[in-house]
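# What the coordinates show
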Amino acid sequence: MLDQILDFAPNVGLDTLLLLPVLIALEAVLSADNAIALAAIARGLEGAKMQRNALNIGLVMAFVLRVVLILTATWVTQYWQFELLGAAYLLWLVYQHFTSDEEADHHHHGPRFASLWQAIPIIAITDLAFSLDSVTTAIALSKEIWLVILGGLIGVITLRFMAELFIRWLKEYENLEDAGYVTVALVGLRLLLRVINPDLVPPEWLMIGVIGLIFFWGFSKRSAEPTEASESLPEKSLSETSSRQ
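Below is a short write-up of the structure.

It is worth spelling out the nonpolar core at this point. L90 and F166 are the most contacted members of the largest nonpolar core, which has 49 residues in total. Those elements giving two or more residues to this core turn out to be helix 3 (32-42), helix 4 (48-71), helix 6 (80-99), helix 7 (116-141), helix 8 (145-172), helix 9 (176-196) and helix 10 (204-218). No other element matches helix 3, which puts nine residues into this core. Not counting residues up to four positions away in its chain, the partners in contact with L90 are A129, F130, V184, V187, G188 and L191.

Attention now moves to the packing of helix 3 against helix 8. With their axes 8 Å apart at the nearest point, helix 3 and helix 8 run at an angle of 60° to one another. Classified by the angle between their axes, helix 3 and helix 8 sit oblique to one another. Crossing of helix 3 over helix 8 shows right-handed handedness. Taken together, the residues of helix 8 that come into contact with helix 3 (itself represented by A32, N34, A35, I36, L38, A39, A40 and A42) are L159, M162, A163, F166, I167 and L170. Within the contact of helix 3 with helix 8, the residues separate by chemical class into 13 nonpolar, one polar and no charged.

Take the side chain of R160 next. With respect to the helices and strands, the residue R160 is situated in helix 8. We classify R160 as buried; its relative accessible area is 12%. Filtering out sequence-adjacent residues up to four positions away, R160 remains in contact with R52, L55, N56 and L59.

Take helix 3 next. Burial within helix 3 is extensive, with 11 of its 11 residues counted as buried. Turning to helix 3, its buried residues are A32, D33, N34, A35, I36, A37, L38, A39, A40, I41 and A42.

The terminal C-alpha atoms of helix 6 lie 28 Å apart, and with 20 residues this matches the ideal 28 Å at 1.5 Å per residue to within 8%. Of all the residues in helix 6, the buried ones are E83, G86, A87, Y89, L90, L93, V94 and H97. All buried residues of helix 6 lie within an arc of 160° about the axis, which places them on one face of the element. The exposed residues of helix 6 that point more than 90 degrees off its buried face are L85 and Y95.

The subject of this paragraph is the packing of aromatic side chains. Going through the model one piece at a time under the given rule, you end up with eight aromatic pairs. Pairing W169 with F219 gives two aromatic rings, centres 5.3 Å apart and planes at 85°, and the pair type is edge-to-face. In this pair, W169 sits in helix 8 while F219 sits in the loop between helix 10 and helix 11 (228-244), placing the two residues 50 residues apart along the sequence. W169 sits in the partly exposed class, given a relative accessible area of 25%. Judged by centre distance (5.0 Å) and plane angle (75°), the rings of Y173 and F219 are edge-to-face. Here Y173 is found in the loop between helix 8 and helix 9, whereas its partner F219 is found in the loop between helix 10 and helix 11, with 46 residues between them in sequence. Note on F219: relative accessible area 30%, which makes it partly exposed.

Before going further, it helps to examine the side chain of T126. Along the chain, T126 falls in helix 7. You can call T126 buried: its relative accessible area is 0%. Once residues lying within four places of it in the same chain are set aside, the contact partners of T126 are A37, L38, I41, Y89 and L93.

Structurally, A54 can be placed in helix 4. A54 sits 61 residues away from S115 along the chain, and the two C-alpha atoms are 9.7 Å apart. Contact partners of A54, with chain neighbours within four places excluded, come to L45, L59, L116, I120 and I123.

Each value, and the rule that gives it
- Residues numbered from 1 in each chain as written.
- Predicted model: local features only at pLDDT ≥ 70, side-chain atom pairs only at ≥ 80, totals over all residues.
- Heavy atoms only, no water.
- Core = buried A, V, L, I, M, F, W, Y, C linked by side-chain atoms within 4.5 Å.
- Buried < 20%, exposed > 50% of the residue type's maximum accessible area, 1.4 Å probe, protein only.
- Helix = DSSP H or I, 4+ residues; strand = E, 2+ residues; numbered from the N terminus.
- Contact = heavy atoms within 4.5 Å.
- Axes fitted to C-alpha atoms, helices over the stretch in contact; angles between N-to-C directions.
- Parallel < 35°, antiparallel > 145°, perpendicular 65-115°, else oblique.
- Left-handed = near helix turned anticlockwise from the far one by under 90°.
- Nonpolar A, V, L, I, M, F, W, Y, C, P; charged D, E, K, R; others polar.
- Expected span 1.5 Å × (residues − 1).
- Arc of directions from axis to C-beta.
- Phe/Tyr/Trp six-rings, centres within 6.5 Å; stacked < 30°, edge-to-face > 60°.

This is the structure we're talking about:
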C-alpha cells in the first residue's frame, strides 16, 4: 500500500513528506505494547518521581541505542542471532511476569528496584529489543537514514508520554498489565518466527488487529482497589469528626 501512495509523488521531497507521517504512525502503533512493558518496569520503583526519572533517563539511553541500531541495521539484519536474542529477552520478560508473585496492594508482577540505576538499563534494553522489529520495518520502508532517525526520535518521545499514561492506567484496570505482557509475548514470538522461517511471520494488519482485541480485554475491567484520593477521604472525615467532638 505504501508503494502505491509513493507512486503518486512526483519528486523526492513529496516522497519524504508522505513517508514521515507513515513512519510516525508506525512507531505509535508499534509502541503500545512497548509502552506498557516499560510502564510495568517503572512501577517497580517507589514513588512517581523516581518512575518519571527512570523513564526520562532510560529512554534517552534507548534513543542512543536506537540510533546505533539504525546506523548498523544493514549489518544487524545479516545475523539472525540478534533477533533470536531479542525474542528470548522479550519472552523471558513475559515468563518472569506471569511466574512472579503478585503484590496484594498494587496488583504488580515483577521485580522491585532498590535504586533508579537498577531500572534504567532494563528500560533501555527492553526498548532496544522492541526496536529490532520496528526499526527493521522502518528501514525497509525508507533508505533515508535521517528520516528513520527522526521517526525513531518522535517514536521515543511518544513512547515516553504513553508509558507515563499507562502507569496510571495500570492502577485503574485490573487486566491491563497481563494484556500488555500477552502482546509482548506476541512480539517475541514474531521475532522468533522471523528467525525460524520469515514466511511464517503474520502480516502487520493481523498483528495490530489481535493486539487491539487483547487491549480491549485489558481495559474491560476496572480495578477494585481504591485510589489515593478515596483512601485519604475516610481519614480526613475521621479527623473532622474528632475535631467537632
